[in-house]
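The primary structure of each chain is shown beneath.
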Amino acid sequence: MRVALVLKQDKQEEVENTQKVVVFTVQENKVVGVENETVDTAKEGHLSLWALTKKVNEIYMPAITESLQKLFHAIDVTLMSYEDMAESRIFRNYLVNY
C-alpha cells in the first residue's frame, strides 16, 4: 500500500503550482519506505495522474474540494483530510496533541 501526505503550502518553500508530497510505502501496518516528491498541481488532474503513476492508494491533504473528491473516487484513490490522520493506523502514533 502507498500513502501520500501532501504538505501544507506554508510549511515549505512556495513554488507556484507545485506541492511537496511525502509518499510512504506500507506493508503489514509498518512503514517500509519513504519518498519525497514535488508534484505539479497547476490543475486538479495533475495530482490524480501523479497518484495513478506512483500507484498511490490513499492521499491525505490539508483541504479537499468536492470536485477533487469526485475525481479521486473515479480513479479509486482514497482522499482524506489531515483530520482523518488521527484515525489512521499508520499515522496516529506519530501525531502530537497540543
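Thresholds, definitions, all that
Throughout, a residue's number is its position along its own chain's written sequence, starting from 1. Restriction of local features to residues with pLDDT of at least 70 applies here, the model being predicted, together with a cutoff of 80 or more for giving and counting side-chain atom pairs; totals for whole chains, interfaces and linings are based on all residues. Water and hydrogen atoms were dropped before computing side-chain values, which therefore reflect all heavy atoms in the structure. A pair of strands is considered paired only if DSSP assigns at least 2 bridges between the two. Only DSSP runs of H or I reaching four residues or more are called helices, and only runs of E reaching two or more are called strands; each is numbered from the N terminus. The convention used is that axes are lines fitted to C-alpha atoms, helices contributing only their stretch in contact, and that angles between N-to-C directions extend from 0 to 180 degrees. Any pair of residues with heavy atoms lying within 4.5 Å of one another is described as a contacting pair.

On to the sheet that holds strand β3 (residues 30-40). Taken together, the five strands give an open sheet; going across it, the order is β3-β2-β1-β4-β5, and neighbouring strands pair in mixed fashion. Each edge of the open sheet carries a strand with a single partner, namely β3 and β5 (78-81). The sheet shows a mean angle of 20° between the axes of neighbouring strands, taken without regard to direction. The pairing of strand β2 (residues 18-27) with β3 spans ten bridges and is classified as antiparallel. If you follow V21 over to β3, its bridge partner there is E37. Where helix α1 (residues 44-53) meets the sheet, its contacts fall on β1 (2-6), β2, β3 and β4 (58-61), and the angle it forms with β3 comes to roughly 145°.

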